[in-house]
Amino acid sequence: MELRHDEQSLEKVWADFWSNRGRTFLTIITIAVGTFAVGFNSNMGLYMNESMDGDYLSANPSEGEVYAYPLNDDMVKMARAVPGVDTVEGFSSVSARIVHTDGTFVDVSFTSVEDPSLLTLNTLKPAKGETVVPKYGEKETILDASALSLGYKPGDKIILELGDGKKRELTLAGYTHAVTGFPYNLARQVNAYVTPDTLEWLGGNTSNYDRLSISVLEKQTDQEHVTEVAQAVADRMERAGATVYFVSVYQPGHHFAYSITQGVFFVLNVLGYLTVFLSGFLIVNTITALMTQHTRQIGIMKAIGGGTMQIFSMYFVLILSFGIGSLLIAVPLANAVSENIGGGMAEWLNFYTLPYKGYTSTLIQQVVVAIVVPLVAAIFPIYNSVKVTVREALSDYGLGGNAKPKDDSVNRNSVLIPRPIRISLRNTFRRKTRLSITLFTLVLGGAVFIAVYNLWASFDKVMVDIQGYFLADINVAFDHGYRFDKVAGIAESIPGVESAEGWLEYPGTLKMGDDETGTQILFVAPPSTSTLIDPIISSGRWLQPGDENAIVIGNHLLQIFPDLKPGDWLTIEANGKETDWQIVGTYSITGNISPPLLYVNYEYLSVLVGEPEMAYSLRIITSQHDSATQKRINDQIQSAFEARGINISSTQLGADFITDQKAQTDILVYFMLVMASLIAIVGGLGLMGTMSINVLERTREIGVMRAIGASNGDIQAIVITEGMVIGILSWAISILVAIPITNVLCYGVGVAILTAPMPTVYGASGIIAWLIFTLVLGTLASALPARRASRLTVKDTLAYE
Amino acid sequence: MAISFFKSKTEDGSIENRPIIDLREVNKYYKTAVGDYHALEGVDLQINAGEFVSIIGKSGSGKTTLLNMITGIDRPTTGEVWVNGTGVHKLNENQMARWRGKNLGIVFQFFQLLPMISVIENIMLPMDFCRTYPMNERRKRAMDLLELVELADHAHKLPTALSGGQQQRVAIARALANDPPVIIADEPTGNLDSKTAESVFALFNDLISKGKTIIIVTHDSGLAKRTHRTALIADGEIVNEYVAKAMPTLTATQLLQATKNAKVQTYEAGSMILSEGTNADTFYVVAKGTVEVILPRPNQSDVIALQLGPGKCFGEMEFFHEKKHLASIRASEAGPVEVLAIGYDQLSELLKQSDVTREALHQMADKHEGENLSKRGVAS
C-alpha cells in the first residue's frame, strides 16, 4: 500500500478531525479565542477611529476656542486676519438649568445659531435616524442628541430656570448631532441651540459674542501650532479691548475621545496579541498531545510504506483544517462583536459610526493567527512524532514513562499527605515542559487579570485623590462674585448645613521669560483655614494662614514649565495687574485640566483683584453626607438663593462627583477585564488541554489504579487535585508577575487617558478574584478530563487482545 | 518467612472443596463491523479455593477474555460469574473497582507499577483506595509484603530503578496488599528470563501453600503442567481437561471436537458400567471418581486388574481389536463415577486427523491387552 494525497489520506485526516470531536472542538476553540481577540481589537480600533474621524471631521471642527468678552463682528474679522487662521466664528451663549419633571435640575448651555445650515465651523448634523437638522423658531430649541436620555420628545415643553431665577418655557423642536461638543452623559451639561432672539429672551446677549471658535490653516493636529495661533487671536482680541478669560486647545483636529480611545486600543491590542501568544503555546501543547496519541498510528503507517513527508503533510492538512474551523468561528464573531460594542462605545462618546464593512487588514491578521501560527507551532511536534521509528512507535507497553531512574530514592517522610494526593502532586511535575507552558499561560492570564484589577483600584485612588480637592458636600458656583457673608448666611440658615466656605476662582496670565502673550491660568483661592481641600503635595508645602504671595502650582503647569520648583518666583497678570508670587509647593492631580489651576490664599487674592469678602463659589458641608441628603439640601439652597436673587451658574454634589467620574473610568476597566477574561479563558482552555493530555497519557495508569481498587471518586480526586495544584501554583506566581504589569498599565493608561502616570495601587481584590477564578477554572478545566478518566474501564486501558 | 499477615483460609490449611470461582454458561460476543465475534461460548468453569489453575490456549483463543470475566474487567453477554460469593456480573464499574481491590490481586504481564511513586507506596496504594487496613498499619504491612518478595531493601526506590523480575515481584506484593483470596496473573512470567520466571513461580507456590487461589494465563505449557489444573481454551470454548489428559497429542481444535462429542454418563458407586463379552461401540474417559477393571478368574473370585482415575480412558482395546468387551468395568465402591463417552465412529473420525494420537492409543491398547491376558493367566 502506498500512501498518497489521495482519497484515503483525506479520509484519514477527516477521521482524525471528526472521530475525537471533543479534542477537535478544544483545539478549534483554543485557536479561535486568539483569532477572535486579535480580530476584535483590530476591528474595534479601525472601526472606531474611522467612524470617529469620519463623523468628527465632517462637522468641520474648530481646533481652538478663545473665551473673551465682549466680542463683535469686527473683532471676528480681525481674528480671521491673524496669520495662520483659516476661519473664525463668534458665538454667544447663555447657561440655564432645565427643571426636570421630577424637580431636579440639569445644566444646559444655549448657543445662539440663527440657521444651523449656515454654520461653517462645528456644524450640526442630523440626529441618528433623521435626515435633516430640525428647524427651530422663536421660543424653540434643539438639543444635542446625547441628551436623549432625559426623555424629552419633539413638541415637549422644557421648563428652564435662568441665572437670575426667572422661569422660561421652550418647545423642543427636535434633536441634532453636535459631534464636536462634549456629550451630556460625560459633561453633565446639555448643549442646546436657539435663535438669537430666543437667546436674548433667555437672558443672553447677542450683540456681543463671548467665544471664538478658530480653525487654523495648516497643521491642524499640532497642539503647539494651534495653541500659538489661538493665543495670537486672544492677544489680538485683548488689544482690541476684550477681556480674554482663557484659551482652550484640546486635542486639535481630533474628537475629544481620541486620546482615550487610542490608549484603550493600545492596551487592548497588547492584551489581544498576548492572547494570541498564549494561544500559540496552547496550540503547541494540543498538537503535541495529538501527536502523542497518534504515535502508534504513525508507526503503523510507516510500517506499511508511509513516507515521512507524506505523513507530515497529512498532519499539516489536519492542523490547517483546525485553523479554518477557527477562522469560520472567530471572523464573523469578531465582526459582530466589534460592530455592536463599537456602536455602543461610539454612542457613549458622542459620534456616529459608519456602516460596518469589515477590514482586510484585520482579516489578514486573523488568517495569520488562525492558520500560520498553528502551522508554525505544529512543525516541531509533528516533526518529532513523524521521525519516531516504527519500533519506537509500536513498542509501547507498561508504565515506565516520565520517571527518571536516577530518581531512585524518593522522600520517605511525606507521610502527612494522603497518597492519592501525593500522586496528584507528583503527576503535576512529571511533564515539566508541558507544566511550564500551562503555567506560563495561566500566570500571564492571571497577572494581567490582577493588573487590570489593580488598574481599577488605581483609577479609584485617582478619584479619591481628585476628590481631595473637592471635599465639600455641595459646590455652588455663582455667575459672579457675591458677598461671602451674605451667601454663607443664606446657606447656613438651611437645616442640615454645618458650614460653608467662600472660594474665589479668578483667571490670570502667567508671564514667563520672553513670551509676551503668556500662559492662561486659573487662580483657585480657598480660605487659608479651609478644611475642604486635601491636596496631594509632591514637593514643598501647602498654603498656610498668613501666606500672602505664596502659590502652589500643579503638575499641569509643570508639564508646560518642567523646571519650576518651590522657591521660584512667578509673574502673573490678573485684573490688569502683574503680581509676583513665590512657589511654596507643588501639588499633583490626575486628569485633563486646562487651564492649569494655581492655588493661592483667598484672603490675599480677593484683595489683590479688588473683590475682598466676595465669593465666586460656596463650598458647603452638610451634617449627613449621603447622596439623598446632599440632593435635598441642594434643592433647598437653590430655592433660598433664588428667593434672594442670587444667580447660581452650576451646582455639584460631592456624592455624584465620584459616581460620575467612576462611570467614565469603569467602562475602560470593563473593557480590559473582558480582555483579561479572554486571556483567562485561554489559560483555562490550556489547563483543560493539559489535563486532557495528562489523562490521555496516563490512561493505563488509571486502569491500573482501577484494577487495584480505585473508585470513580478516587480517580476524579487525583485528576482534579492535579488541576487545582497547577491553578494555585499559577495563582501564586501571578501575584508577583502582576506587579510589573500593573506598573506598565498604570503608567501607559495614565499617560494616554489622564496625561500623567497614575499612582499604582496593589489591591487584594484582584488577587482574591483571580484565586476564585483559578479555583473555579481549575475545577472546571479538570472536571471534564477527570470525568472521562473515571469512566475509563480497566478493559479500555489495559486491553491485551 | 513471616506469614502472619495472611488470613487463614481453612482450619487445616487444605484445599477447600467449594468453588471460589464459578462461571456458569458464560457467553461473550463482541460486535464488529463484520458481525458478532464470539469470544467465549457457553463456558462453565469451577475453581475451588486453594487451587492453582492455569489457563492456556493460543493467541486469540479467548483466554484473556475468560480472565477478564473473572476479574470483572469485562462482562459476560450472557451467563453468570461468581467470585468468592459475589455475582461479579451484577456490579457496576465503580462497585467493581472497590470489590476487585479487596477480593482480587491482579498481576500484569508488564508489571504496571505506577512510575511516579515509590515501590512501597505502590504497595500501600490498594490499601489506601480500599481502606482495608488502618492508616498506621499500612506501611508495616507493605514492608512485610516486600520482605515476602525479598525486596525490602528497595522499598523507597522508584519502580523504574528495579529490574523486570524485581518489578514483577513488587507487582505480586501489591496484588497481595489487601490480602485477597484470589490472585489473577496474566502472563506473569511472559516478560521475564527463565531464572526470574522460576523465582516468581516459586513465589506463587508459596502463596498456594498459604491458602491463596491463583489463576494464571500462560503460553508456557511447561509452566501450566506445574499447576494443579489446566484449563485449555480453544475458539472461545473450554476443552474438557480429562479429554485433554487422555489424548494429549490432539490439537486444541481436535480436543474441542472430542469435548463436544463426549457424552457425560454417571454411575453410582459399585454399579457396573459395562460387562465383558458384550458388544463394544464406545470409548470412555474418566472425569470423576475411580473405575475398576475386573477380570474373571476360573473358580476364583473376580480380580480388580486395574483402577483408573480422572483423565484415564478405557474401551480403546476393543476399538483396535475385537469389538467385544474384554473385561468388565464398574464404578469403585469409593464413590460415584462420571465418565465421558465418545462413540467409535466419532473416535475414528478424530484419529483420522491425528496419526500420533492413533498410534499412542494403539500402543496403549496393545499394552492393555497384554496385561489383560497376563492377568487371566493366558500366554500372549
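Residues numbered from 1 in each chain as written. Chains lettered and ligands numbered in written order. Predicted model: local features only at pLDDT ≥ 70, side-chain atom pairs only at ≥ 80, totals over all residues.

1. Some remarks on the sheet that holds strand S1 (residues 64-71) of chain A
All names here are of chain A. Spatial ordering of the open sheet is given by S2-S10-S1-S11, a layout of four strands whose pairing is antiparallel. Every interior strand has two partners, whereas the edge strands, strand S2 (85-91) and strand S11 (243-248), have only one. The mean inter-strand angle of the sheet, taken between neighbouring strand axes irrespective of direction, is 20°. Here five bridges tie S1 to S11, and the two strands are oriented antiparallel to one another. Its bridge partner lying in S11, Tyr 69 is registered against Thr 243. Set on the sheet, helix H3 (residues 73-81) makes contact with S1, S2 and strand S10 (209-216); between it and S2 the angle comes to about 160°. Strands in contact with helix H6 (residues 223-239) are S1, S2, S10 and S11; relative to S1, the strand with the most contacts, it is inclined by about 5°. (Pairing = 2+ DSSP bridges. Helix = DSSP H or I, 4+ residues; strand = E, 2+ residues; numbered from the N terminus. Axes fitted to C-alpha atoms, helices over the stretch in contact; angles between N-to-C directions. Contact = placed C-beta atoms within 7 Å.)

2. Some details on the sheet that holds strand S2 (residues 35-48) of chain B
Sheet strands pair via backbone hydrogen bonds, and the direction of the pair is either parallel or antiparallel. Residues and elements named next belong to chain B. One open sheet accounts for four strands, arranged S2-S1-S4-S5; its pairing is antiparallel. Whereas interior strands pair on both sides, the edge strands pair on one side only; in this sheet they are S2 and strand S5 (86-87). Relative to strand S4 (residues 78-83), strand S1 (residues 19-32) is paired through five bridges, and the arrangement is antiparallel. Looking at S4, one finds that Asp 22 is bridged to Trp 82. Here helix H1 (residues 63-71) sits on the sheet and contacts S1, S2 and S4; the angle it forms with S1, its principal contact strand, is near 120°.

3. Some words on the packing of helix H3 (residues 119-130) of chain B against helix H5 (residues 164-175) of chain B
Between two packed helices, what matters for the description is the angle formed by their axes and the separation of those axes. Residues and elements named next belong to chain B. Their axes nearest at 8 Å, the elements H3 and H5 cross at an angle of 25°. Judged by the inter-axis angle, H3 sits roughly parallel to H5. Considering only the axes of H3 and H5, their crossing is right-handed. Contact residues: H3 offers Val 119, Asn 122, Ile 123 and Pro 126, while H5 offers Val 170, Ala 173 and Arg 174. (Parallel < 35°, antiparallel > 145°, perpendicular 65-115°, else oblique. Left-handed = near helix turned anticlockwise from the far one by under 90°.)

4. Focus on the pairing of strand S17 (residues 569-574) of chain A
All names here are of chain A. Judged from the three bridges that link them, strand S13 (residues 497-511) and S17 form a sheet pairing that is antiparallel. Opposite Leu 510, over in S17, you have Ile 572 as the bridge partner. Where S17 meets strand S18 (residues 577-588), six bridges bridge the pair, whose relative direction is antiparallel. If you follow Glu 573 over to S18, its bridge partner there is Glu 578.

5. Observations concerning the environment of Phe201(B)
Residue and element names in this part refer to chain B. In this structure, Phe 201 sits in helix H6 (residues 194-209). Given 20 C-beta atoms within 10 Å, Phe 201 falls into the buried group. Between the C-alpha atom of Phe 201 and that of Thr 227, which follows or precedes it by 26 residues, the distance is 9.8 Å. Those residues in contact with Phe 201 that sit more than four places away from it in its chain are Thr 189 and Leu 223. (Buried ≥ 20, exposed ≤ 12 C-beta atoms within 10 Å, placed from the backbone.)

6. A few points about the confidence of the model for chain A
Residue and element names in this part refer to chain A. Across chain A, the average pLDDT comes to 82, with 91% of residues at or above 70. Element-level mean pLDDT values for chain A span from 61 in helix H21 (residues 794-798) up to 93 in strand S16 (residues 550-554). Long-range and interchain partners of residues 1-5, a stretch whose pLDDT sits below 50, account for eleven contacts in this model, where long-range means more than four residues apart. Here residues 400-410 scores under 50 on pLDDT; set against residues more than four positions off or in separate chains, the count is 21 contacts. (pLDDT = per-residue confidence, 0-100.)

7. Thoughts on the pairing of strand S6 (residues 140-144) of chain A
All names here are of chain A. With four of five residues buried, S6 is to be regarded as a mostly interior element. Taken together, the five bridges between S6 and strand S8 (residues 167-177) define a ladder with parallel strand orientation. From the neighbouring strand, Asp 144 faces S8, where its bridge partner is Thr 176. In this sheet, strand S9 (residues 189-194) lies alongside S6 in antiparallel orientation, the contact comprising two bridges. Note that in S9 the partner of Ile 142 across the bridge is Tyr 193.

8. What about the environment of Asn454(A)?
Residue and element names in this part refer to chain A. For Asn 454, the position within the fold is in helix H12 (residues 432-467). According to the C-beta neighbour criterion, Asn 454 is buried, with 24 such atoms within 10 Å. Those residues in contact with Asn 454, other than ones at most four positions away along the chain, are Ala 738, Thr 742, Val 761, Tyr 762, Gly 763 and Gly 766.

9. Some details on the nonpolar core
Among the nonpolar cores identified, the biggest contains 258 residues, and Val448(A), Val452(A), Ile679(A), Val243(B) and Val285(B) are the most heavily contacted of them. If sequence neighbours within four positions are ignored, Val452(A) has contacts with Val669(A), Met672(A), Leu673(A) and Ala676(A). By size, the runner-up hydrophobic cluster in this structure holds 50 residues, among which are Ile474(A), Trp581(A), Tyr599(A) and Tyr616(A). (Core = buried A, V, L, I, M, F, W, Y, C linked by C-beta atoms within 7 Å.)

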